[in-house]
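# Notes for the structure review
This is what each chain is made of:
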Amino acid sequence: MGLAEDLNALKEEGLALISAAGDEASLEEARIALLGRNGRVKDLQKAFGQASPEEKRELGRLFNEVQQAIKSAFEDQKDQLSAGAADAGAIDVTEPRPTHRRGSIHPISQVAQEVERVFSGMGYDIIDGPHIEEDEFNFGRLNIPEDHPARDAQDTFWLKTGKLLRTHTSSVQSRTYPIVEPPFRKVVVGKVFRYEEVDATHDNNFTQVEGFLVDKDITVGHLVGTIKTMIAAVLQRDDIEVRLRPSFFPFVEPGFEVDVRSPGSSGKFANWVELLGCGMIHPKVLSIGGIDPDVYTGFAFGMGLERLTMIRHDINDIRLFNGGDLRGLHQFKS
Ligand code: FA5
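First things first, this report covers the structure right here in the doc. Just so we're clear, the structure is a prediction, and the values are computed from it rather than from any experiment.

Calculation criteria
- Residues numbered from 1 in each chain as written.
- Predicted model: local features only at pLDDT ≥ 70, side-chain atom pairs only at ≥ 80, totals over all residues.
- Heavy atoms only, no water.
- Near = heavy atom within 4 Å.
- Polar contact = N/O pair within 3.5 Å; in protein donor to acceptor, adjacent residues only side chain to side chain.
- Helix = DSSP H or I, 4+ residues; strand = E, 2+ residues; numbered from the N terminus.
- Nonpolar A, V, L, I, M, F, W, Y, C, P; charged D, E, K, R; others polar.
- Buried < 20%, exposed > 50% of the residue type's maximum accessible area, 1.4 Å probe, protein only.
- Pairing = 2+ DSSP bridges.
- Axes fitted to C-alpha atoms, helices over the stretch in contact; angles between N-to-C directions.
- Contact = heavy atoms within 4.5 Å.
- Lys, Arg positive; Asp, Glu negative; His and termini not counted.
- Salt bridge = Lys/Arg side-chain N within 4 Å of Asp/Glu carboxyl O.
- Phe/Tyr/Trp six-rings, centres within 6.5 Å; stacked < 30°, edge-to-face > 60°.

## Notes on the site of the ligand
Surveying the vicinity of the ligand reveals 26 residues, the closest of which are His168, Ser170, Arg194, Glu274 and Leu275. His168 is positioned such that a nitrogen or oxygen atom in its side chain is 2.9 Å from a nitrogen atom of the ligand. Between the ligand and Arg194, the relevant distance is 2.8 Å, taken from an oxygen atom to a side-chain nitrogen or oxygen of the residue. Looking at the shell around the ligand, the elements with two or more residues in it are helix H7 (170-176), strand S5 (205-215), strand S8 (273-281) and strand S9 (297-304). Looking at side-chain class alone, the shell around the ligand contains 10 nonpolar, 10 polar and six charged residues.

Here it is in structure tokens:
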């Protein structure tokens, strides 16, 4: 075969090879095989060097034409491949948006888990109790007999059966005393319900954390130490100011309310806000529960978890938690 036929054959094979290249890697392989330093075009160029001057004039024109045809086929194929890749990544603006968004743990549940972790670390058992409660456990065994004025502060929702939605987690204290032997430490996190006007710091269903500890020689010092430790550990800061005020709850003696103030807060918690009620468990409550108050003493507290979460995240309105506006809640993804 003469050089002219070789050149024509190379042109045909080369164009076929280039148009068969389906991606950039195989196109590059074809380019190296045809136009590379040891490629087919270079081979023929060497043979071309040995031709006579007359042949060279004729073959030179053919050589340039073949080389040019291969190069431009290569450029065309390259353009086509990159246009295809751009199409594949294009955004279809008519496509419907995905409707499922990834959920997140509710900020109250996140702080509840944190509270339980902190109390577990202090040796407390995590326990639970029913939302639908009997008068006896919510009030009676807590030294709040019928017609006691303390009931007025905790009006609630009553069922036709005579049961009620518990107004505080202290009901779990009265359920627990008869079935455990001191010493013990228990903590409950759960929903409570009150027939109450809703505002920025009050809801009609909210979450309480009830802690109670019974042992020998327990004092108010243990109570205050526990509360301060818990607040600092859950909020992960030690600049929260805590103050104790004397207060009255029929199931403790003496009783206190604990207020907190957050110096860094830009809103509600820049001023004192009540966080919890607490005190030394009333001897009457212990003996109703079958625990001898001459041998054992103990403390108890009941804290609003929404309020603690509000301080944690500098939230100014409790209605964010139950309002159902996911834009608010999604800000607190853990
Ligand atoms: C009680 O519920 C007592 N059981 C607390 C207690 C337990 C005292 C053990 C002594 C010993 P009080 O009604 O004050 O107390 O509620 C306790 C906490 O729950 C409050 O300090 C507040 O943080 C929160 N809280 C009360 N009412 C609401 C409400 N409507 N919305 C949100 N949080 C509330």
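## So, the pairing of strand S4 (residues 184-193)
Looking along a regular strand, one sees side chains alternate from face to face of the sheet. Burial runs high along S4: eight of the 10 residues are buried. Pairing geometry for strand S1 (residues 125-127) and S4, over three bridges, is parallel. The residue bridging Ile126 from the neighbouring strand is Val187, located in S4.

## Brief notes about the sheet that holds S9
Sheet architecture is open: seven strands sit in the order S1-S4-S5-S9-S8-S7-S6, paired in mixed fashion. Of all strands in the sheet, those bounded by a partner on one side alone are S1 and strand S6 (241-247). Direction aside, neighbouring strands of the sheet carry axes that sit 20° apart on average. In terms of strand pairing, S5 meets S9 through eight bridges, oriented antiparallel. Within S9, the position partnered with Leu213 by the bridge is Phe299. Together, S6, strand S7 (252-261), S8 and S9 form the strand contacts of helix H8 (residues 220-235), whose direction differs from that of S9 by roughly 30°.

## Some thoughts on the side chain of Arg194
Mapping Arg194 onto the fold places it in the loop between S4 and S5. Glu196 provides the closest opposite charge to the buried, salt-bridge-free Arg194, at an N-O distance of 4.6 Å. A polar atom in the side chain of Arg194 sits 2.9 Å from the backbone oxygen of Thr167. Those residues within four positions of Arg194 in sequence are excluded, and the remaining contacts are Ala153, Gln154, Asp155, Thr156, Phe157, Thr167, His168, Asn204, Phe206 and Gln208.

## Observations concerning the pairing of S8
By the criterion of burial, S8 is predominantly enclosed, with eight of the nine residues buried. By the bridge criterion, seven bridges tie S7 to S8 in an arrangement that is antiparallel. When the sheet's bridge partners are listed, Asp259 is paired in S8 with Glu274. Relative to S9, S8 runs antiparallel, the two sharing five bridges. Looking at the pairing, Gly279 lines up with Ala300 of S9.

## Some thoughts on the pattern of salt bridges
A full pass over the atoms with the stated rule returns 17 salt bridges. When the shortest N-O distance is used, the salt bridge between Lys11 and Glu65 registers 3.5 Å. Highlighted residues: Lys11 in helix H1 (residues 3-20) and Glu65 in helix H4 (residues 53-88), separated in sequence by 54 residues. Judged by its relative accessible area of 25%, Lys11 falls in the partly exposed class. You can call Glu65 partly exposed: its relative accessible area is 36%. Between Arg319 and Asp317 there is a salt bridge, and its shortest N-O distance comes to 2.9 Å.

## With respect to the packing of aromatic side chains
In the structure shown here, the tally under the stated rule is seven aromatic pairs. Here Phe157 and Tyr195 contribute two aromatic rings whose centre-to-centre distance is 6.1 Å and whose plane-to-plane angle is 90°, an arrangement assigned as edge-to-face. Of this pair, Phe157 sits in the loop between helix H6 (135-138) and strand S3 (164-165) while Tyr195 is found in the loop between S4 and S5, placing the two residues 38 residues apart along the sequence. Residue class for Tyr195 comes out exposed when judged on its relative accessible area of 59%. Aromatic pair Phe184 and Phe212: ring centres 6.4 Å apart, planes at 80°, arrangement edge-to-face. Highlighted residues: Phe184 in strand S4 and Phe212 in strand S5, separated in sequence by 28 residues.

Read these as layout, nothing more, since geometry by itself doesn't imply function.
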